[in-house]
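Chain by chain, the residues run as shown.
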Protein chains: 4
Amino acid sequence: MNHFKSVKIAYIGGGSRGWAWGLMSDLILHGEGMEGQVSLYDIDRQAALNNQQIANNIPENPFRYTARDTIGEALEGADFVVISILPGTFDEMESDVHGPEAYGIYQPVGDTTGPGGIVRAVRTIPMFVEIAQAIEKYCPEAWVINYTNPMSMCVDTLYRTFPKIKAFGCCHEVFGTQKLLARSLLEMEGEPLPPREEIKVNVQGINHFTWIDQASFHGKDLFPIFQKFCEKYHETGYIDPTDQKHWANGEYKKKEMVKMDLFLRYGVIGAAGDRHLSEFCPGQWYLGSPENVARWGFGLTSVASRREGLQRRLEKSRRMLAGEPFELKQTGEEGVRQMRALLGLEDLVTNVNLPNIGQLPDLPLGCVVETNAVFTSNHVRPVCGGKIQPQVLALIQRTACNQISVVEGCLNRDLNRVFQAFSNDPLVTIPVAQARNLFDQMLAHNSKYHQFYI
Amino acid sequence: MNHFKSVKIAYIGGGSRGWAWGLMSDLILHGEGMEGQVSLYDIDRQAALNNQQIANNIPENPFRYTARDTIGEALEGADFVVISILPGTFDEMESDVHGPEAYGIYQPVGDTTGPGGIVRAVRTIPMFVEIAQAIEKYCPEAWVINYTNPMSMCVDTLYRTFPKIKAFGCCHEVFGTQKLLARSLLEMEGEPLPPREEIKVNVQGINHFTWIDQASFHGKDLFPIFQKFCEKYHETGYIDPTDQKHWANGEYKKKEMVKMDLFLRYGVIGAAGDRHLSEFCPGQWYLGSPENVARWGFGLTSVASRREGLQRRLEKSRRMLAGEPFELKQTGEEGVRQMRALLGLEDLVTNVNLPNIGQLPDLPLGCVVETNAVFTSNHVRPVCGGKIQPQVLALIQRTACNQISVVEGCLNRDLNRVFQAFSNDPLVTIPVAQARNLFDQMLAHNSKYHQFYI
Amino acid sequence: MNHFKSVKIAYIGGGSRGWAWGLMSDLILHGEGMEGQVSLYDIDRQAALNNQQIANNIPENPFRYTARDTIGEALEGADFVVISILPGTFDEMESDVHGPEAYGIYQPVGDTTGPGGIVRAVRTIPMFVEIAQAIEKYCPEAWVINYTNPMSMCVDTLYRTFPKIKAFGCCHEVFGTQKLLARSLLEMEGEPLPPREEIKVNVQGINHFTWIDQASFHGKDLFPIFQKFCEKYHETGYIDPTDQKHWANGEYKKKEMVKMDLFLRYGVIGAAGDRHLSEFCPGQWYLGSPENVARWGFGLTSVASRREGLQRRLEKSRRMLAGEPFELKQTGEEGVRQMRALLGLEDLVTNVNLPNIGQLPDLPLGCVVETNAVFTSNHVRPVCGGKIQPQVLALIQRTACNQISVVEGCLNRDLNRVFQAFSNDPLVTIPVAQARNLFDQMLAHNSKYHQFYI
Amino acid sequence: MNHFKSVKIAYIGGGSRGWAWGLMSDLILHGEGMEGQVSLYDIDRQAALNNQQIANNIPENPFRYTARDTIGEALEGADFVVISILPGTFDEMESDVHGPEAYGIYQPVGDTTGPGGIVRAVRTIPMFVEIAQAIEKYCPEAWVINYTNPMSMCVDTLYRTFPKIKAFGCCHEVFGTQKLLARSLLEMEGEPLPPREEIKVNVQGINHFTWIDQASFHGKDLFPIFQKFCEKYHETGYIDPTDQKHWANGEYKKKEMVKMDLFLRYGVIGAAGDRHLSEFCPGQWYLGSPENVARWGFGLTSVASRREGLQRRLEKSRRMLAGEPFELKQTGEEGVRQMRALLGLEDLVTNVNLPNIGQLPDLPLGCVVETNAVFTSNHVRPVCGGKIQPQVLALIQRTACNQISVVEGCLNRDLNRVFQAFSNDPLVTIPVAQARNLFDQMLAHNSKYHQFYI
């Protein structure tokens, strides 16, 4: 068995702690065969220093962590780059998510699509241009793993800025749908709950609006079982009794009613949380008012609750700096397994976001799409996702087109082009003049990120 | 100069008179080099007989008209087939156009897209299946000219039923935009008004949502001129002082405000009447309420006014049968010129609806699209329309996808598939459950056309 | 760990023993988790009965073997179908391989492309039409594994006859190239010889003319190493000292000189034996005369030696029927691992032949191509192979086009279309009139398979 | 009727007189509605001055001719640019055409494809890079008409260097096939000979290997007539009794036997002279030896005869400079009609060479292809050529791929890439090592054009 002794990982962002701590855990629990160093870079330098101290305090950590002063120092010679930044602050996120409510537009997440996702992209794309340029300069051969939203537009920006980049985007939303399929097997057939990895699915779509058109477990087709499951639960909703997050906070609750409604209508499974799926559908379907959202059994995540989450993590950080031991936890993320696979230590097939080279022939070449991919010894190759259900394709195309316009508009400093996409967003169910007002207000809240556009 | 002495034309439909009389006129005024016979077939046999009498009463008519009892007799041996039917009656049209108003959905035309256009397609597609089968049986080599709406879906049905059919769809909406460009030249540059045929345009899109991305007159680029024109008139609207139809009836009025708004936002020209263009845009943009429609300077054509129009034509028919002479009029249509071109008597480049064989590489192959085409000696070949403005493409794709689903849904007797398109229509800005109610009600009004689906 | 107790496998062909015995071995050695029955069907019924007896004599065989009288009985209820037929007899193969020599056309294999491969296809395609129809009738849900050549055209025929078939074609030629890459690591870097499965490659092309544009071992790029290897050995050739087959028979010898020459010219690796690669290149490159073949270090496999091989197998069959124990051997084939993966017992990524659904965007959709694919729980999904080196693509396209014409020509009973491909074959470097003579002679030798074409 | 009084035409090249005098004639005979100035630029400055004098001596010439010292002066402000250069001298052409004969490779023209065409491209592409850069600098809005061979690669170079160039390539080879179709009507049906413009054809392919899949005259399908014509004449050949060129010089003779053979085999018509068509087919079909060429009834044009032709034109030039009156002649070329159409003075549909934007969906996007196009008021739009006969496509693809490699190889200074195409050329029926020798020798004869590649 091979052993890689000097793996170099650069971690960009992570000052908001959650993802960085997850990586620390995963590298220890699942990083067999790898040791080396992790360079931390965050515009909040103190946050990076704190993470450095927390990580290096963990006994028998096979990686040495170092906070770096510049992105260049962090990237220099990296084998892997992990990007997990918060673009801007919660103040801008407040504007993204809650600004549109004055116009009757409610967004359960607001970081991927909809007015919030589009304006977040306007703010984030210039940052990704800089990151891609730095990668080209300091570590052009590194594998780059992006976790930042809006995922598709971030990955697209990386490739348009540095076309030879070896980047992909990771997202765990599909995993949740695999878990739901596993539960449907238990609920409808009384079979023991299988691990989600053994639920084999074909994945097609764009990030957070990914679809499953084929699912099986040990050769058994799961679609007829999920059909019965939906027929039973689509009106009441279904709550996974083991899902902690659901009970912890009403804003994250989910009864899978959107997913079941879409399945009964289209015959394919929306493979993301209902909060995400609803944002890609015409605005009046599942959103439109807090009452309608409640009727569909999911919550609107407020930025206030995100601020609280951060406070909890900051307190925890202080406790750990004061000596509380770091707790190793399974995150369920696959970043570390992906790194091992790229080093040739295992093989892995999982869903990722990559430019379309033919894996989804219904969508434009070059467009960033989500499908399964094979990870193996320095290769990542998308698996062919095949044809998409025609009317689901119609829903996907609308946002895929909009996202291309947002990225091209930003890169060409053409905000009118961005507005063309904004006014065609499924959630922007208001007259054009009002949409323009909203767009201008939201951009005004992001003025400090605007030098890029002038 | 060649002369064709026994041209056989089959005219399907036309009982509602307007288009049939137009063809009679055009054949006399513009049919140089052609003579022969016209077979009339209409499910209203008396209407066909009346038209036979009216036509044969015209002195020196180079064509002999005969009403036929069956579609087979009409088609047998035809060189050209003209299809211009009214699918169903004004009662169904009443349901198509005004039914959705109870849900806040206002349609200025309702025969192409929107709830009205989709349900009209459900009614019409079985008729076009029958017509295509009859053409395959009786005159497989004939050229088939369709005027019936919903144009794209009718032409698509012809090709899917009989793939070797030589059919195309004709529409004069682009001509109106050429006239507007001619007027902008007069208004902004003081140049004499050119004939619309000399305004050369590139055409791309789908019927009634066609776009012009290049226009010139004698080598002069008309886009900067139209830009100034729109900047001057976009708030007040522009009324062509020579347009009779506008003044005759408020329901047909048009101030071109939608067209100018779209041009200022997208930089390309919507080449159809505002009443049509508005139906393809998100519902809240130009429609949504009678007040909003009024603000954008166009009218909602009621079925009542269509009934009145028919009454006027019936009275005229009675007068002509009683001896009033038939009045020859320029229709501005190009059907007769197309026939002459197909016989090799002239060459012609004009816009038509044909399955996509590559003329619009952004839209799916096979999808019925509208571009220019070259008509010449037994050939019709589309002209490459090129790339479409990306966000205009996003608007077009949405309805193009929906139309494919409607046709495939109808041909496969899968009304759920049709509803998938219906619920994604830009005008259907209501929750899915309400949309389903509306759909079911509208279908119930068409129950007599339903045997096809059972 | 799951266990499947009643797996049903239908084996079509196999009377010539080699492949059938291999499957028996592999099912015992690698079929963990599977037991059940194998139905044998061969037009040589005695051969099937012999194989039944040989298999059932093996102690502790988890599968029960039964020779069946009809293909329908063999297929009924099958989970897996293995097709491994010899189309026709060695007499027709004699004509395929050696007939063209009178025209100066030498073929080292003659079963895939070239005059021999094309005429073999003419003989084989009608058989595959029948097999596909039987599968549709008796076991439409079965997974179908084809080993018969001409591979691409056989698989294409299966899909064109029964489009919903779940078939793929397997070939081990890529494995040999993985082994050569492993040896280059040993030879040039002194590293221990890795197992071929750990040499990770990207595969693109058509069967027997497959190419590798990316290869690595534990994250290490193997192309610079193979470059040095080729520079060292391209003039002398390289013989794998462990390769038994090479020494056994001069007709199978291989010095990899074609592969190295192609790599030095194109920068990508031809992933099949030199005997195959040479048949896809312009005829004068590596073939053209026995002397030229000798110069490039490989052999022309005569049909005489194939006849001898069969005699050896028949004798061995007699000995085993008389009691000689069956010897379990590693075949290196992956058929049984593929079955296990399709049952959900393991995951597997390997190269297979499938219709192009976008995995190779440079080749026509629908064309049967060879790339990697993911095998997992009732799914086989091709992995995107990406862009092909442009001039290698030019070489591939030529035969890919020809193969489409041969299949369409045969299915439409249009032998002129087949001859169009024949005369454009890279090996047919003779005037058209001579090519027609050769074609007609070769077809005459196959007259008993011709009823299909009349 | 409009009149353009200051049309500016830049003529690049033309020192070898034939094409330049043709343009002078055509501008006078067919340039109705146009007057202005023609700027002449040739690296042989005296030739340009001579042409200036000859043109300005023509009485009532509506254009004023001026020889310019630099290409920039010639292009400045041009409305139209005509490119008609001789790349290099007859010495290099001697090497192109006759060099390969030592290897048994005979080329009847050697300026488009084959070893001669490829090496000519190596010499010409750098010149076209310079011309495109000058056009971008001095007259980016001008329409550019190229007559220089190798046509496809020249036009491709223009677009790759200056992507917004408004360029197209013109060739009259299709006209000859229209004439042959007209003659078949006369010969087989006894009809009066129609003018070639009234033979309407669909055109698809690449320059000099263009194909007609549909032809008609006044609505009558010409294919059955041409079929009978070929059946009658394919063995003896057919000589147009009115064709002067044929009799003038055996090296240009043509009996249409290649064209008829291809038609009988493929069912579509090769729309170029046999001398050109034969160069795109596998080398042993129609070439291979002077005897085979003679058998197929066409000639090998020697460079010696081209030198003689130039001498005749030089003498004629001297006589005209000395006062012999300029003789106006119909050239049959359409350059001047194209200019008139682009000015909006007429409409024109004719065949031209343009990058593929979808007009030929079987060939790669961007690849320079030949189809019909509509010329009208500042637009040139290709007409959709449709699907190509599959095995004809296979023949076309081979050279289309090679030409892309030659252009990309030259622009990237990668002569190995050019050799990859060279060794795959249909006429290069020799082993690779010999092909490399030939390639190197031919390049050595072009060393003075090589600075570009170092």
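The shown structure was predicted, so the numbers you read here are calculated from the model rather than taken from an experiment.

Parameters and conventions
- Along each chain, numbering runs from 1 in the same order as the chain's sequence is written.
- The lettering of chains begins at A and the numbering of ligands begins at 1, in the order of writing.
- Side-chain atom pairs in this predicted model are given and counted only at pLDDT of 80 or more, local residue features only at pLDDT of at least 70, and totals for whole chains, interfaces and linings cover all residues.
- Side-chain metrics in this entry use all non-hydrogen atoms of the structure; hydrogen atoms and water are not considered.
- Every helix listed is a DSSP run of H or I at least four residues long, and every strand listed is a run of E at least two residues long, numbered separately from the N terminus.
- The atom set for the radius of gyration is the C-alpha atoms, and the globule formula is 2.2 Å times the number of residues raised to the power 0.38.
- Partly exposed residues are those whose accessible area sits between 20% and 50% of the maximum for their type, while under 20% is buried and over 50% is exposed, using a 1.4 Å probe and protein chains only.
- The contact definition used throughout considers only heavy atoms, calling two residues in contact when any of these lie within 4.5 Å.
- Only the protein chains shown count as cover for residues, and all accessible areas are computed by the Shrake-Rupley method using a 1.4 Å probe.
- In summary, the charge assignment counts Lys and Arg as positive and Asp and Glu as negative, without counting His or the chain termini.
- All charge positions are set by atom: Lys at NZ, Arg at CZ, Asp at CG, Glu at CD.
- Salt bridge criterion: a side-chain nitrogen from Lys or Arg within 4 Å of a carboxyl oxygen from Asp or Glu.
- Note on residue categories: nonpolar means Ala, Val, Leu, Ile, Met, Phe, Trp, Tyr, Cys or Pro, charged means Asp, Glu, Lys or Arg, and polar means any other residue, Gly included.
- Least-squares superposition aligns the copies on the C-alpha atoms of those residues with pLDDT at or above 70 in both.
- Buried surface area refers to the total accessible area, computed with a probe of radius 1.4 Å, that the two partners give up upon joining, counted for both partners together.
- Under this definition, polar contacts are N or O atom pairs within 3.5 Å; protein pairs additionally need one hydrogen-donor-capable and one acceptor-capable atom, and for neighbouring residues in sequence, both atoms have to be side-chain atoms.
- One less than the number of residues in a helix, times 1.5 Å, gives the span that helix is expected to have.
- Under the pairing criterion, centres of Phe, Tyr and Trp rings, with the six-membered ring standing for Trp, must be within 6.5 Å; the plane angle then separates stacked pairs below 30 degrees from edge-to-face pairs above 60, leaving the rest tilted.
- The criterion for a charge sitting over a ring is simple: Lys NZ or Arg CZ within 6 Å of the ring centre, and within 35 degrees of the ring normal.
- To obtain each axis, a line is fitted to C-alpha atoms, and for helices this fit is confined to the stretch in contact; angles are then taken between N-to-C directions over 0 to 180 degrees.
- Put simply, angles under 35 degrees are roughly parallel, angles over 145 are roughly antiparallel, angles from 65 to 115 are roughly perpendicular, and the rest are oblique.
- Any two strands between which DSSP finds at least two bridges are classified as paired.

Asker: Help me understand the overall build of chain A, please; the structure alone is not making it clear to me.
Answerer: The helix and strand tally for chain A stands at 18 helices and 13 strands. In terms of C-alpha radius of gyration, chain A reaches 21 Å, essentially the compact-globule figure of 22 Å for 454 residues. If one aligns the C-alpha atoms of chain A with their principal axes, the spans along those axes are about 60 × 50 × 45 Å. Scored against the burial criterion, the 454 residues of chain A give a buried share of 65%. Excluding contacts between residues fewer than 6 apart, the proportion of contacts in chain A whose partners are at least 24 apart in sequence is 71%. Surface accessibility of chain A: about 16100 Å² in total, with carbon and sulfur atoms responsible for 50%. For chain A, the separation between the mean place of its 44 positive charges and that of its 52 negative charges on side chains is 1 Å.

Asker: Which parts of the structure should I look at to understand the interface of chain C and chain A?
Answerer: Counting residues at the interface gives 32 residues for chain C, matched by 32 residues for chain A. Our count for the chain C to chain A interface comes out at two salt bridges. A salt bridge links Lys200 of chain C to Asp347 of chain A; the nearest nitrogen and oxygen atoms lie 2.6 Å apart. Secondary structure elements with two or more residues in the side of chain C that touches chain A: β7 (200-206), β8 (209-217), β12 (368-376) and β13 (379-382) of chain C. With five residues, β8 of chain C is the largest single contributor of residues to the side of chain C that touches chain A. Its residues assigned to classes, the side of chain C that touches chain A comprises 13 nonpolar, 15 polar and four charged.

Asker: Would you mind showing me how to read the relation of the copies chain D and chain B here?
Answerer: Note that the two copies of the chain are related through a rotation about an axis and a translation along the same axis. The two copies are related by a screw operation: chain D maps onto chain B through 180° of rotation and 0.0 Å of translation along the axis, at an RMSD of 0.0 Å. Such a turn and shift between the copies fits a two-fold axis. Residue Val383 of chain D, judged by its C-alpha, is the member of chain D lying nearest the rotation axis, at 2.1 Å. Residue by residue, 100% of the interface of chain D is reproduced at the interface of chain B, so both copies engage with the same surface.

Asker: Quick question: what am I supposed to make of the interface of chain D and chain B here?
Answerer: The accessible area lost on association of the parts is a frequent measure of interface size. Taken together, the contact between chain D and chain B spans 32 residues of the former and 32 residues of the latter. Surface buried jointly by chain D and chain B totals about 2500 Å² across both partners, of which 53% is contributed by carbon and sulfur atoms. Three residues, His218, Arg381 and Cys384 of chain D, lead the burial of chain D against chain B; their summed loss comes to 26% of the area buried on that side. Between the two partners, chain D and chain B, sit two salt bridges. At the junction of chain D with chain B, the criterion picks out 20 residue pairs in polar contact (both at pLDDT 80 or more). If you list the elements that add at least two residues to the side of chain D that touches chain B, you get β7 (200-206), β8 (209-217), β12 (368-376) and β13 (379-382) of chain D. The element contributing the most residues to the side of chain D that touches chain B is β8 of chain D, with five residues. Grouping the constituent residues of the side of chain D that touches chain B by class yields 13 nonpolar, 15 polar and four charged.

Asker: Mind showing me how you'd approach helix α2 (residues 45-57) of chain A here?
Answerer: Helical periodicity: at 3.6 residues per turn, an α-helix aligns residues three or four positions apart in one direction. All names here are of chain A. For α2, with 13 residues, the first-to-last C-alpha span of 19 Å sits near the 18 Å given by 1.5 Å per residue. Within α2 the residues assigned to the buried category are Ala47, Ala48, Asn50, Asn51, Ile54, Ala55 and Asn56. Elements in contact with the buried residues of α2: α1 (18-30), β2 (34-41), β3 (63-67) and α14 (303-321).

Asker: Sorry, what's going on with the pattern of salt bridges here?
Answerer: Opposite charge on two side chains allows them to pair when their charged atoms are near. Enumeration over the complete set of coordinates arrives at 100 salt bridges over all chains. Measuring nitrogen to oxygen at the nearest pair gives 3.3 Å for the salt bridge that ties Arg265 of chain A to Asp261 of chain A. Of the two residues, Arg265 of chain A and Asp261 of chain A both sit in helix α10 (residues 257-266), four residues apart, roughly one turn of that helix. Residues Arg265 of chain A and Asp261 of chain A agree in their burial class; the two are buried. Between Arg337 of chain C and Glu346 of chain C there is a salt bridge, and its shortest N-O distance comes to 2.9 Å. A relative accessible area of 28% places Arg337 of chain C in the partly exposed class. The exposure class assigned to Glu346 of chain C is buried, which follows from its relative accessible area of 18%. Salt bridges here are not isolated pairs; linked through shared partners, they connect Asp156, Arg160, Glu408 and Arg417 of chain A.

Asker: Would you mind showing me how to read the relation of the copies chain C and chain A here?
Answerer: For the pair chain C and chain A, the best superposition has an RMSD of 0.0 Å and corresponds to a rotation of 180° with a translation of 0.0 Å parallel to the axis. Both copies contact each other with a shared surface, as 100% of the interface residues of chain C are interface residues in chain A too.

Asker: What is the right way to read the packing of aromatic side chains from this model?
Answerer: Aromatic ring pairs are described here by two measures, namely the spacing of the ring centres and the angle between the planes. Overall, the coordinates contain 64 aromatic pairs over all chains when judged by the stated rule. Residues Tyr286 of chain A and Trp296 of chain A carry aromatic rings whose centres are separated by 4.7 Å and whose planes lie at 90° to one another, so their mutual orientation is edge-to-face. Within this pair, whereas Tyr286 of chain A is found in helix α12 (residues 283-286), its partner Trp296 of chain A is found in the loop between α13 (290-295) and α14, the two being separated by ten residues in sequence. For the pair formed by Tyr286 of chain A and Trp296 of chain A, the shared burial category is buried. For Arg436 of chain A, the ring lying beneath its charged end belongs to Phe419 of chain A, and the centroid distance is 4.6 Å. Looking at Arg196 of chain D, its charged tip hangs above the ring of Phe175 of chain D, at a distance of 3.6 Å from the centre.

Asker: So what exactly am I meant to see when it comes to the packing of helix α4 (residues 90-98) of chain C against helix α14 (residues 303-321) of chain C here?
Answerer: Each pair of packed helices can be described by the angle between their axes along with the distance between the axes. All names here are of chain C. Running from N to C, α4 and α14 cross one another at 150°; their axes reach a closest spacing of 9 Å. Here α4 is positioned roughly antiparallel relative to α14, judged by the angle of their axes. Contact with α4, carried on its side by Phe90, Asp91, Met93, Glu94, Val97 and His98, involves Val303, Arg306, Arg307 and Leu310 of α14 and no other residues of that element.

Asker: I would appreciate a short explanation of the side chain of Asn402 of chain B in the present structure.
Answerer: Along the chain, Asn402 of chain B turns up in helix α16 (residues 390-411). Relative accessible area serves as the criterion here: at 2%, Asn402 of chain B is assigned to the buried category. Here the side chain of Asn402 of chain B touches Gln391 of chain A through a polar contact of 3.1 Å, side chain to side chain. Ignoring any residue separated from it by four or fewer positions in sequence, one finds Asn402 of chain B in contact with Gln391 of chain A together with Ala421, Asn424, Asp425 and Pro426 of chain B.

Asker: Teacher, can you tell me more about the pairing of strand β13 (residues 379-382) of chain A here?
Answerer: All names here are of chain A. By the alternation rule, side chains of β13 split into His379 and Arg381 and Val380 and Pro382, which are all buried. For strand β12 (residues 368-376) and β13, the ladder comprises four bridges, and the chain directions are antiparallel. Within β13, the position partnered with Val374 by the bridge is Arg381. Linking β12 to β13, which pair antiparallel, is a turn of two residues; within it Asn378 sits at a positive phi near 65°.

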